[in-house]
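# Observations on chain architecture
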Amino acid sequence: MAASETSTSTPQENTTSRARLLVVDDQPIIALLLNQIFLDDYDVQIAHSGAEALTYCKTWLPDLILLDVVMPVMDGHEVCRRLKANPLTRDIPVMFVTGFTDPKEESIGLELGAVDFISKPVNPAVVRARVRTHLKLKFQAETLELINQTLESRIAERSAELKTAMGHLLQTEKLASLGSMVAGITHELATPLSNMRLAATSLTEYVHKVKTDIKGGALTRSGLERFITFCSDTTDLIDRSARRSEALLLSFKQVSVDQTSERRCHFDLRKIVEHTVHVLGPTLKTTPYKLITEIPPEIILNSFPGAIEQIITNLVNNSLAHAFPERTEGCMIIYAQLAGDLLAIVYTDDGIGIPAPIGLRIFDPFFTTKAGRGGSGLGMYTVYQLVTGLLGGTIEVGADGGCGAVFTIRLNYSALQ
Ligand SMILES: Nc1ncnc2c1ncn2[C@@H]1O[C@H](COP(=O)(O)OP(=O)(O)OP(=O)(O)O)[C@@H](O)[C@H]1O
Ligand SMILES: [Mg+2]
């Protein structure tokens with residue numbers, strides 16, 4: 001019979017090995033007949049009982065099983081059930097070969113996971129076509145699975161590469177910002193240091209001249225008075241320059257907060273804000289401006305209270321320094337809101353506001369509109385570093401000029417538990 005059929009190819013024949021077929025039937029004549037049908041195209045094995053079929057599957061995994069339903073001891077349904085329960089064999093397509101044409105019988109088989117039914121007596125052309133179709137489907141599914149796995153591993157590879165690249169980028173960015181920081185420090189410190197040097201040199205030269213005048217008896221009273229005035233002006237200049245350098249060094253120190261040495265602990269947000277406002281009290285008292293806090297109670301964070309204090313201090317000092325020029329009244333508000341996982345801390349003042357061009361550069365190191373007048377431009381840079389680094393959040397500036405400044409800090413509440 002097999003000789004009269006046209007030879008058919010399977011996906012596996014296109015590659016290296018032939019597809020494997022397991023024929024399970026307790027009637028030798030049927031098993032032989034099926035063997036004859038498939039012999040030319042597939043590797044066929046025959047099992048004469050359910051137990052024998054299961055034993056085969058332990059060492060010889062077929063690509064498809066043709067399974068008789070009615071067999072003594074273990075029927076086809078039970079064999080199918082066991083095959084589907086085993087992760088090694090559950091994906092092998094099972095086609096029942098049955099003498100019944102009972103639809104109930106068919107639905108039991110389908111529920112058990114069979115892919116098809118062949119009725120006895122078998123029609124070689126039909127059984128061959130169906131086997132071919134199911135094998136094709138199986139191989140396509142396997143190919144898809146393989147492509148899927150390759151894609152997944154490629155995605156994982158690419159993600160890892162991207163992560164490394166991002167790490168490098170971050171490192172480069174950090175180095176670049178460190179570089180610009182060092183350049184800034186050098187630039188900022190250069191002026192007070194050279195002032196001090198100049199003052200010291202002039203003083204030394206003047207002292208030398210006065211000494212010579214004394215020796216030669218040429219020092220007059222007015223000459224001495226001029227010398228004393230010069231000494232006083234010069235030491236004043238040295239003192240101011242030294243203070244400026246000290247203030248600059250303090251700002252630099254704040255920028256380079258060491259994340260590991262910062263104190264981490266559980267604290268109540270409201271208490272820390274109130275404490276900071278208390279510390280700022282004496283400074284605020286010398287101004288006509290008001291600071292209001294509206295922080296809900298019981299927001300407990302496991303984080304860095306020192307960072308929160310520093311942020312609030314810098315924001316308040318900025319309002320005092322920049323927001324109310326020539327104004328006799330002004331108000332600053334700090335409020336917080338907890339919504340699900342988002343903790344927002346908002347700081348506002350009703351001062352002159354921050355125009356968009358300043359808003360765009362406000363977090364840059366050394367950006368200040370008070371250059372040469374006490375501003376180092378490190379206050380908001382420090383705030384940015386603390387919020388995004390130590391606290392792992394984001395900060396946004398309301399850049400609409402004219403309606404006061406607004407800074408919104410967003411933190412992930414559950415990450416700070
Ligand atoms: N509340 C505010 N209202 C208006 N302008 C502000 C406000 N806060 C900051 N600015 C602007 O942002 C600039 C940068 O602020 P930043 O705190 O970084 O530096 P600074 O205050 O000038 O100097 P310092 O480093 O001494 O704090 C300020 O020079 C100012 O122009
Ligand atoms: Mg400032």
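Residues numbered from 1 in each chain as written. Chains lettered and ligands numbered in written order. Predicted model: local features only at pLDDT ≥ 70, side-chain atom pairs only at ≥ 80, totals over all residues. Heavy atoms only, no water.

## Topic: the state of the cysteines
What counts, and what does not: Pairs of cysteine sulfur atoms within 2.5 Å are what we label disulfides. With a 1.4 Å probe rolled over the protein chains alone, any residue whose accessible area is under 20% of its type maximum counts as buried; one over 50% counts as exposed, and the rest are partly exposed.
The full count for this structure, using the stated rule, is 0 disulfides. Cys80 takes part in no disulfide bond, and the closest cysteine sulfur, belonging to Cys57, lies 11 Å away. Look at Cys80 and you get buried, because its relative accessible area is 0%.

## Some words on the side chain of Asn314
Test applied: The way it works is that DSSP assigns letters per residue, a run of H or I at least four long becomes a helix, a run of E at least two long becomes a strand, and they are numbered from the N terminus. Polar contacts, as counted here, are pairs of nitrogen or oxygen atoms within 3.5 Å of one another; within protein the pair requires one atom able to donate a hydrogen and one able to accept it, and residues that are adjacent in sequence qualify only if both atoms are side-chain atoms.
Residue placement: Asn314 occurs in helix α8 (residues 305-323). Residue classification places Asn314 among the buried positions, given a relative accessible area of 9%. A distance of 3.1 Å separates the side chain of Asn314 from the backbone oxygen of Gly379, its partner in a polar contact.

## Regarding the site of ligand 1
The following threshold applies: One heavy atom within 4 Å of a molecule or strand makes the whole residue count as near it. The method behind every accessible area is Shrake-Rupley, applied with a 1.4 Å probe, and residues are considered shielded solely by the protein chains displayed.
The environment of ligand 1 is made up of 19 residues, and the closest members are His322, Thr368, Thr369, Ser376 and Leu378. Residue Thr369 places a side-chain N or O atom 2.4 Å away from an oxygen atom belonging to ligand 1. Taking Leu378, its main chain carries an N or O atom lying 2.8 Å from an oxygen atom of ligand 1. Protein contacts shield 91% of the accessible area of ligand 1, which totals 600 Å² for the unbound molecule. Of all the secondary structure elements, the ones that give two or more residues to the shell around ligand 1 are α8 and α10 (379-390).

## Quick word on the nonpolar core
Definition in use: Remark: nonpolar core denotes a set of buried residues (Ala, Val, Leu, Ile, Met, Phe, Trp, Tyr, Cys) joined through side-chain atoms within 4.5 Å. Contacts are assigned to residue pairs with any non-hydrogen atoms lying within 4.5 Å of each other.
Counting residues in hydrophobic clusters, the biggest one holds 44 residues, and the most contacted among them are Leu269, Leu301, Ile311, Val316, Met332, Ile334 and Phe407. Elements with a minimum of two residues in this core: α7 (269-285), α8, β9 (331-339), β10 (342-349), α10, β11 (394-398) and β12 (406-412). Per-element tally for this core: the top contributor is α8, with 7 residues. The residues contacting Ile334, other than those within four sequence positions of it, are Val273, Val277, Leu291, Ile292, Thr293, Glu294, Ile295, Ile312, Ile345, Val346 and Tyr347.

## A few points about the pairing of β10
Put simply, the test is: In short, DSSP must find at least two bridges between two strands for them to pair.
With 7 of 8 residues buried, β10 is to be regarded as a mostly interior element. Pairing between β9 and β10: 8 bridges, direction antiparallel. In the sheet register, Tyr335 faces β10, and the bridge partner there is Val346. Between the end of β9 and the start of β10, which pair antiparallel, lie 2 residues, with Gly340 showing a positive phi angle near 60°. Bridge count for β10 against β12 is 7 bridges, and the pairing is antiparallel. Opposite Val346, over in β12, you have Thr408 as the bridge partner.

## Here's the deal with the pairing of β12
Here 5 bridges tie β11 to β12, and the two strands are oriented antiparallel to one another. Counterpart to Val397 in the pairing with β12 is Phe407.

By themselves these figures say nothing about function.
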